[in-house]
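Here is how the chains run, residue by residue.
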Amino acid sequence: MNTVLDIKGLKVDFEIKGRKISSPIRGIDLSINAGETHGIVGETGCGKSLTALAIMGMLPANALRTGCISLGDVGELTPENIQQNRGNTISMIFQNPHSAFNPVFTIEQQLLYVARAKGFSSDESHALFPDRLKEVGLVEIHRILKSYPHELSGGMLQRCMIAMALLSKPKLLIADEPTTALDATIGGQVLTLLKRLQKEQGFAMLFISHDVTAVARVSERIAVLYAGKIVEDGPTAEVLGDPQHPYTKGLLGAIPSRNKARGTLAAIPGTVPSNTLGMTGCAFKSRCHLAVPQCDEEPNLTPHGHTSVACWEVRT
Amino acid sequence: MITKVKAGFTFIRGDIWTAISTFILTVFVLVAVLGKWILPYPSEGTGTANVDHLHIGPGAAHWLGTDELGRDLLSRLMYGARSVLFTSLLVVIVAALVGTVLGLMAAFFGGWIDSAIMNISSLFLSFPPLLLSLVAVSLLGPGLKNSLIALMISWWPWYARLIRNEARFVKLRPFVEIAESMGVSRRRIIFRHLLPNVTSPLIIQFAADLGTVILAAGSLAFIGLGAQPPAADWGLLVAQGRSVIFDQWWISTFAGLAIFLVVLAFNSLGDVLRDHFDPRRSK
Amino acid sequence: MTNPVLEVIDVSKEFVNDRNKHEVTRAVQGVSFTISPGEVFGLVGESGSGKTTIARCAFGITPATGGQIKLFGEDIATLSSAQRKKSRKRLGFVFQDPVASLNPRMTIFEVISEGLIGASLSKEEIRSRVEYLIEKVGLTKEHLARKRHELSGGQCQRVAIARALASEPELILLDEPTSSLDLSVQAQILNLLEDLRKELNLSYLIISHNLEVIAHISDRMAVMSQGVIVEAGTTSQIMSNPQHEFTKTLIGAYETNSTSNLPDDFDWENWQSAPTNRWAYQHVSDFIKTQNINPAQTSAAPRTNRPHDSRLDQHEVALESLYTDALVVMNRGVLVDERYYGEMRPESAHLLQSVSKSLLGTLYGTLIEKKLIEPSRTVGAYLPQMIHSGYSTATIQNLLDMTAAVDFSEDYDDPNSQISQLDRASGWRISNSLDDLGIRKFLTTVKQNGVHGEQFQYCSANTDLLAWIAESALGKSYSEILSEYIWQPTGASQSASVTVDHEGHALANGGISTTARDLALFGQEILDTYLGKSTKLVSNAWAKDTFGGADPAIKSVDYMQAMHPGGSYHNQWWITNSQHQEIYAVGIYGQYIWIDPATETVIVKFSTLPIALSTKFSEEHIALFRKISNLYS
């Protein structure tokens, strides 16, 4: 068991002038082993992107983070040591590849910038780049190196971003909606690429997306996030095949498919709470058809077979 | 729109400079509106000479001194405020109206209408503003009315171009496209869809222009092509004090100071409105 | 076939570069498709495929460069501006970004009513129409005074839909209507679109890059790539049997590890027979839409022990040679033996095929007793839609006893037989045309050939027609009716399911799947009713009548008399008229419920025979059942 990422009790609050104004993350526990992918799936506002930022130490100035995030041999990640780990032992790839690259520099120049920051010399870098680009499935390497970001397609740029992220051979790769802005077929190729690279290089991956299908493709385990807390967590096949938490069931039931008769998609009444401040008990209770008085007390993640579920109504 | 302006004003309270500007403008508008009724020396303010009080400097009786015809300068300035404010309002309103309508048409119809309007605007815009006014006035003859016409002619192209560019972007937005697809009348698209969504830049430009036009009108008056004596136009007062600037320095100085403060205040207002409307609204 | 609302004929669209007049981009080339009234047509493709361009040309937003476009039968290029305006009123538009598609300066009321201006309606009429529309899309009158920044994305899209509906359109263009919405909000909007479509009989042209959305909501679809249609047809056809490489790649991009569990050798054309049936009969809901038939909420905890009667071990060889998947034997109300083979488990649901008919027959027993259905009334009296069909004058009892004289062949091997047509209509076989789909539509095409009530003729469609009548009489879906009157009273512990066609209507003649144990419980109830021990499902009188056989005046058929001299078919059960007075339910490929009142034995057998039917297999099964029953005499 080679645990690369271990998150315990992560909470993030936003405050203005010392006063708490919202709690976007209310308690997350997660661990990922080397060579494994753990997916986080949820809708807008559930806090999944904020989780990535919390790990990277890139939360906004008025955010207050509590809890413990530790990375393999490095130990606990603190504001002091996060700078040297960011882009080094932990890398991140983002949704919009165009926004990850400076439009006035060529790909080669940007890769050089990153490589030099990691301590590679100019010569070492130039020798390294063709292999790294080939690794991510790019073919016209020379042309791509000399191109500007706007000259490349979304799929190619995403591969360049992956190459850039993996330059330092990180222990942990965080992928935040990496295929959302891409066409389905290109996105599918990127997912296959990520899985292959993971197998070859052995990094742990945290895959975040609202697209359940994409998360399921690459993750061995899935955590379902609702209003800043994990409501269900377990092996992908079990969570998707036999969901326990009513929100998970509703979410999966909402996925359109030709096997579902029209007009019968699961429609969870109500909307995701925009601010959980002052809420007591389960954040989902106002939308849940199973809600009972006990739901006024917040349920914790309890084991249920191979998965963990945060719901009073799920009997073991 | 009124709520937006009100909201704009509450925003102003945050900054000392904007507070001062608001104060200046409030005073200015009040004076302009109340006019004759609050002049310390009403008859002098409106133009009656008082040869007994020539060359009196700033002091207790006349806070800003008297002008070359012995009239209380403060009263003159206060009386002139009305003309300054209303003339600049008139110019900007007319220019904005004409320019907005032409700009909307250019944006909506495109094609040769757009080219024609924009080319004419470019023609006007390529002249230094004052020069254009000069040419117009020299053709029409000096005087307040003609100088105003000249200013209007010089000013409308700014609005035409501004509104045309803004409206072109609005026209591309989905809700306009849908309205067109649904067969909504052209008139309705221009006035219910394009126009309401270009009011932010319009307001900003309007506020800033009020100050600029005051300066321009004052400049025209200064060189004798604008308001004529015995009008209390501030530019004119500056001009009239010019010949005695070394002895009775207060005439030109205070008149010029008045122009300076009001123009500055309007420009500040324009900046504040720009900050209020632009970054937050451009989502 | 009614006239199409939209015909796109060989349309192309080129864009000329503003600066360099020689540079021409061909966005769309030679695209053709039609949309019929009430249909949902989906266009799927990735960025740059031309799907949005062709849609805009079709709706007259952008002029096409080549080809012809007919809206409501008229070539849009030849319309005068007044005619174009009229045509526009019959169209509706819903675009991708719900927020940007509403004017931020207008109130919601003004947004929705914009389409009604110039329609010479009074202010009151406009107001009441807008209020009607806002509630139709799931919002309230309070929302009308708000502006777009006060609404969420999902709410804005509902407003956009209300606006599209204002002028009572017939055809609506939806360009990525849910792409910027969260999953659960998307589900609400898709459900809403379907409800509106059904209620207002709308047609949709829906464009999306998301294949799951298109496959879910479209009746027919086309796949576009680089400006051309690479594949088009009914949704079931394209999704189950894609031909073009691009379509296959696109479908593959949406498969997750856990949902692509069709075996590699799954055969769409022949899944009912060997070798595919062995797997397919236990996984029907993986490839056909189904609805659940729910058991009682407080059902007993599932049994964990499996009773075994070693006296049946001698029949293992026979069971294997008869391709058995499961065997359950009950005697005197007690479970005495259960055997499962291959992948089959006690919790596995297995396809019943025509055993499903006997559930309906029993259901009708209850419905008739409760006076919800009158057996001597005719089909035409219950269903006005069937007045012009061959079933019009057949009575309910005719259908129950299969004495309706209709032109219907049950030849499973003939792709043109009526049973094959019914299979296509219900989604069991791939259809190439939209005209093939729909059980009810098929039923209206059946022709009469003879006098009803005289001759026994086994015809599966009779059962589906009875299911339709039951739905119509009770106002509920077949799965709900079965649940209430049969499945819950039986005390079944697990949900059963029934396959449904693209409109959600059940295939009552053969689409039910249940566990072996639950089916045995059902058989036991029938037996107990006959023996007077229970009236949970039907009355003793019905059981006695059923076991007694059909009216002797009905002409029988040779194969029946050969196997059961004096036997008949009554109330959707096979009546042997033997010494033991057994009755049974049978489905092709070897599904049985065997009820022997003399030894008080109930036997359930699930099989996957390599062929549908043969005298040899039938005889061997009956011989086996009798041997087993005799062990308990």
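In this convention, every chain numbers its residues from 1, walking through the sequence in written order. Key to labels: chains lettered from A, ligands numbered from 1, both in the order written. Per-residue local features of the predicted model are confined to residues with pLDDT of at least 70, and side-chain atom pairs are confined, for both listing and counting, to 80 or more; whole-chain, interface and lining totals are unaffected and use all residues.

### Observations concerning the overall build of chain A
(1) Moving on: Per the secondary structure count, chain A includes 11 helices and 12 strands.
(2) Moving on: With C-beta atoms placed from the backbone, a residue counts as buried when 20 or more other C-beta atoms lie within 10 Å of its own, as exposed when 12 or fewer do, and as partly exposed for counts between those limits. Evaluated residue by residue, chain A yields a buried proportion of 45% over its 316 residues.
(3) Moving on: Residues are scored as being in contact if the C-beta atoms we place from backbone atoms lie within 7 Å. Considering only contacts within chain A whose residues lie at least 6 apart along the sequence, 64% involve residues at least 24 apart. Going along the chain from the N terminus, every DSSP run of H or I of four or more residues is numbered as a helix, and every run of E of two or more is numbered as a strand.

### Quick notes on the sheet that holds strand 4 (residues 66-71) of chain C
All names here are of chain C.
(1) Moving on: A pair of strands is labelled paired if DSSP reports no fewer than 2 bridges between them. Spatially, 2-1-4-5 is the arrangement adopted by the four strands of the open sheet, whose pairing is antiparallel. Strands with a single pairing partner mark the edges of an open sheet, and in this sheet they are strand 2 (24-35) and strand 5 (74-75).
(2) Moving on: Examined bridge by bridge, strand 1 (residues 6-16) and strand 2 share eight bridges and lie antiparallel to one another. Within strand 2, the position partnered with V16 by the bridge is V24.
(3) Moving on: Set on the sheet, helix 1 (residues 51-58) makes contact with strand 1, strand 2 and strand 4; between it and strand 1 the angle comes to about 115°. All axes here are fitted lines through C-alpha atoms, helices being fitted over the stretch that makes contact, and every angle between N-to-C directions spans 0 to 180 degrees.

### Remarks on the interface of chain A and chain C
(1) Moving on: Counting residues at the interface gives 32 residues for chain A, matched by 33 residues for chain C.
(2) Moving on: Going through the elements one at a time, helix 8 (184-201), helix 9 (212-218), helix 10 (236-241) and helix 11 (246-253) of chain A are the ones with two or more residues in the side of chain A that touches chain C.
(3) Moving on: Residues are grouped as follows: nonpolar covers Ala, Val, Leu, Ile, Met, Phe, Trp, Tyr, Cys and Pro; charged covers Asp, Glu, Lys and Arg; every other residue, Gly included, is treated as polar. Its residues assigned to classes, the side of chain A that touches chain C shows 13 nonpolar, 13 polar and six charged.

### Description of the environment of S168(A)
Residue and element names in this part refer to chain A.
(1) Moving on: Relative to the helices and strands, S168 resides in the loop between helix 7 (154-166) and strand 7 (172-176).
(2) Moving on: Judged by the 18 C-beta atoms lying within 10 Å of it, S168 falls in the partly exposed class.
(3) Moving on: Sequence separation of S168 and G119 is 49 residues, and the distance between their C-alpha atoms is 9.6 Å.
(4) Moving on: Beyond its immediate chain neighbours, meaning those up to four positions away, S168 contacts G87, N88, S91 and K118.

### Observations regarding the pairing of strand 15 (residues 496-499) of chain C
Residues and elements named next belong to chain C.
(1) Moving on: In strand 15, alternate side chains face the same way, and those of A496 and V498 on one face and S497 and T499 on the other are all buried.
(2) Moving on: By the bridge criterion, four bridges tie strand 11 (residues 290-293) to strand 15 in an arrangement that is antiparallel. The partner of N292 across the bridge, within strand 15, is S497.
(3) Moving on: Looking at chain direction, strand 15 and strand 16 (residues 512-514) are connected through two bridges and run antiparallel. Note that in strand 16 the partner of S497 across the bridge is S513.

### With respect to the interface of chain C and chain B
(1) Moving on: Facing the 16 residues of chain C at the interface are 13 residues of chain B.
(2) Moving on: Residues belonging to the side of chain C that touches chain B are distributed by class as follows: seven nonpolar, four polar and five charged.

### Overview of the nonpolar core
(1) Moving on: Counting 169 residues, the largest nonpolar core has L172(A), I174(A), L206(A), V224(A) and L205(C) as the members making the most contacts within it.
(2) Moving on: For this core, the leading source of residues is helix 7 of chain A, giving eight residues.
(3) Moving on: Once residues within four sequence positions are removed from consideration, L205(C) is found in contact with L6(C), I35(C), F41(C), A55(C), A58(C), L171(C) and L173(C).
(4) Moving on: Counting residues in each nonpolar core, the second largest holds 99 residues, with F408(C), A492(C), V604(C) and L624(C) among its members. Joining buried Ala, Val, Leu, Ile, Met, Phe, Trp, Tyr and Cys residues through C-beta atoms within 7 Å gives a set, and that set is a nonpolar core.

### Considerations on unusual backbone geometry
Residues and elements named next belong to chain C.
(1) Moving on: For the bond running from A274 to P275, omega is -5°, close enough to zero to count as cis.
(2) Moving on: Inspection of the secondary structure puts P275 in the loop between helix 9 (245-253) and helix 10 (277-280).
(3) Moving on: Although it is not a glycine, N571 sits at a positive phi angle of roughly 50°.
(4) Moving on: The class of N571 is buried, set by 26 C-beta atoms lying within 10 Å.
(5) Moving on: Of note in this structure, Q572 is not a glycine but carries a positive phi near 70°.
(6) Moving on: Considering the arrangement of structural elements, one finds Q572 in the loop between strand 17 (568-570) and strand 18 (573-575).
(7) Moving on: Note on Q572: 28 C-beta atoms within 10 Å, which makes it buried.

### Describing the packing of helix 12 (residues 355-369) of chain C against helix 18 (residues 478-490) of chain C
Residues and elements named next belong to chain C.
(1) Moving on: Interhelical geometry of helix 12 versus helix 18 gives an angle of 75° and a closest axis separation of 10 Å. Taken together, the axis directions place helix 12 and helix 18 in an arrangement best described as roughly perpendicular. From helix 12, L359, T362, L363 and T366 reach across to helix 18, where they touch I481, L482, Y485 and I486.
(2) Moving on: Split into classes, the residues belonging to the contact of helix 12 with helix 18 amount to six nonpolar, two polar and no charged. Put simply, angles under 35 degrees are roughly parallel, angles over 145 are roughly antiparallel, angles from 65 to 115 are roughly perpendicular, and the rest are oblique.

So yeah, pure geometry; function would need other evidence.
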